[in-house]
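# Notes for the structure review
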Amino acid sequence: MKKSTLLAGLFLASASISASAVTPLWMRDAAISPDGASIAFTYMGDIYTVPATGGNALRITSTPDFYEASPVWSPDSRSIAFRSDRSGNFDIYLVPATGGQARRLTYNSAAETPEAFTPDGKEVLFSASIQDPASSALFPSARMTELYAVSLDGGNPRQVLATPAHNPVFTPDGKQMLYMDN
């Protein structure tokens, strides 16, 4: 009798752990600003910031019926790039860190995710499956993205790498980039 009670308890505990492992977390994509003063995060489809020392969160995007995520800080901590489906697919947008009108930077039909800003803060690096070179064995696939850059002034994106490159970080002199490869 004790053995069956113990087994039933273990089964319920493991089922509970399994269920919580697949339950989505509503607060995600936390990113600390380069000046260390603020943290941006996604909560229920909007982007928020909160002082790193604690306090009240400020909603910087508010678009009911649309989903925004993946905030990335500019080097001067004054702007945040993020992805939003407000145009039908995930494009890259830019918004002041204090909130306000977001500006669309990309217009591709592919789903795009911001990865970082260039060290000079003039471009946003993003990953998307847009166009692999014909010589590449990695033809466009949602799981095998390429790395692109788009100017904050607008214009066409340029391909930086034809391989999946995530979380790029530049060396202090800005001449080399480290990244996570899929």
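Below is a summary of the structure that appears in this document. As the structure is a prediction and not an experimental result, all values here were calculated from the model. (Residues numbered from 1 in each chain as written. Predicted model: local features only at pLDDT ≥ 70, side-chain atom pairs only at ≥ 80, totals over all residues. Heavy atoms only, no water.)

The next point concerns a nonpolar patch on the surface. A cluster of nonpolar side chains, namely Trp26, Met27, Tyr43 and Met44, defines an oily patch on the protein surface of about 470 Å² accessible area. When you line up the elements, Met44 lands in the loop between β2 (38-43) and β3 (46-51). (Patch = residues over 30% accessible without salt bridge, like charges linked within 9 Å, V, L, I, M, F, W, Y side chains within 5 Å. Areas by Shrake-Rupley, 256 points an atom, 1.4 Å probe, with all protein chains shown as cover. Salt bridge = Lys/Arg side-chain N within 4 Å of Asp/Glu carboxyl O. Helix = DSSP H or I, 4+ residues; strand = E, 2+ residues; numbered from the N terminus.)

Applying the stated criterion to the full structure yields four salt bridges. A salt bridge links Arg86 to Glu68, with the shortest nitrogen-to-oxygen separation between them at 2.5 Å. In this pair, Arg86 is assigned in the loop between β6 (79-84) and β7 (91-96) and Glu68 in strand β5 (residues 68-73), connecting sequence segments 18 residues apart. Assessed through its relative accessible area of 0%, Glu68 is described here as buried. Between Arg104 and Asp91 there is a salt bridge whose closest N-O contact spans 2.8 Å. Linking Arg104 in strand β8 (residues 103-104) with Asp91 in strand β7, this pair joins segments that are 13 residues apart in sequence. (Buried < 20%, exposed > 50% of the residue type's maximum accessible area, 1.4 Å probe, protein only.)

With that settled, the discussion passes to the side chain of Ser79. Within the element layout of this structure, Ser79 appears in strand β6. For Ser79, a relative accessible area of 19% puts it in the buried group. The residues touching Ser79, leaving out its near neighbours within four places in the chain, are Val72, Trp73, Ser74, Leu94, Val95, Pro96 and Ala97. (Contact = heavy atoms within 4.5 Å.)

What the four strands build is an open sheet, ordered β5-β6-β7-β8; its pairing is antiparallel. Looking at which strands have only one partner, the edges of the open sheet turn out to be β5 and β8. Bridge count for β7 against β8 is two bridges, and the pairing is antiparallel. Considered in β8, the bridge of Leu94 is made with Arg103. (Pairing = 2+ DSSP bridges.)

As a further point, take the packing of aromatic side chains. Per the stated rule, a full pass over the model turns up five aromatic pairs. With centroids separated by 6.4 Å and ring planes inclined at 85 degrees, the aromatic side chains of Tyr67 and Phe90 adopt a geometry described as edge-to-face. Taken together, the residues Tyr67 in the loop between β4 (58-59) and β5 and Phe90 in the loop between β6 and β7 connect sequence positions 23 residues apart. For Tyr67, a relative accessible area of 31% translates into the label partly exposed. Counting every residue linked through ring pairs, the aromatic cluster contains Phe41, Tyr43 and Tyr48. (Phe/Tyr/Trp six-rings, centres within 6.5 Å; stacked < 30°, edge-to-face > 60°.)

Quick look at the sheet that holds β4 now. Pairing within the open sheet is antiparallel, and its four strands lie in the order β1-β2-β3-β4. Since the sheet does not close on itself, it has two edges, and those belong to β1 (27-32) and β4, each with one partner. Relative to β2, β1 is paired through four bridges, and the arrangement is antiparallel. Residue pairing across strands places Met27 opposite Tyr43, the latter belonging to β2.

Turning to the side chain of Glu68, a few remarks are in order. Among the polar contacts listed, one links the side chain of Glu68 to the side chain of Thr63, at a separation of 2.7 Å. Excluding residues that lie within four positions of it along the chain, Glu68 makes contacts with Thr42, Gly45, Asp46, Ile47, Thr61, Ser62, Thr63, Phe82, Arg83, Ser84 and Arg86. (Polar contact = N/O pair within 3.5 Å; in protein donor to acceptor, adjacent residues only side chain to side chain.)

If you look at the biggest cluster of nonpolar residues, it comprises 13 residues, and the most contacted ones within it are Leu105, Phe117 and Val124. Ranked by the residues each element gives to this core, the list is headed by strand β10 (residues 123-128), at three residues. Judged by nonpolar contacts, the second largest core, of 11 residues, contains Ile47, Tyr93, Ala97 and Ala102. (Core = buried A, V, L, I, M, F, W, Y, C linked by side-chain atoms within 4.5 Å.)

Our focus in this paragraph is the layout of surface pockets. In this structure, the largest pocket encloses a volume near 410 Å³. Lining the largest pocket are 18 residues, with Ala31, Val72, Trp73, Glu115 and Ala116 positioned closest to its centre. If you list the elements that add at least two residues to the lining of the largest pocket, you get β1, β5, β9 (113-117) and β13 (165-170). (1 Å grid on protein atoms, 1.4 Å probe; cavity = no way out; pocket = protein on both sides within 12 Å on 5 of 7 lines; lining within 4 Å. Points joined across faces, edges and corners; volume = space filled by probe spheres on them.)

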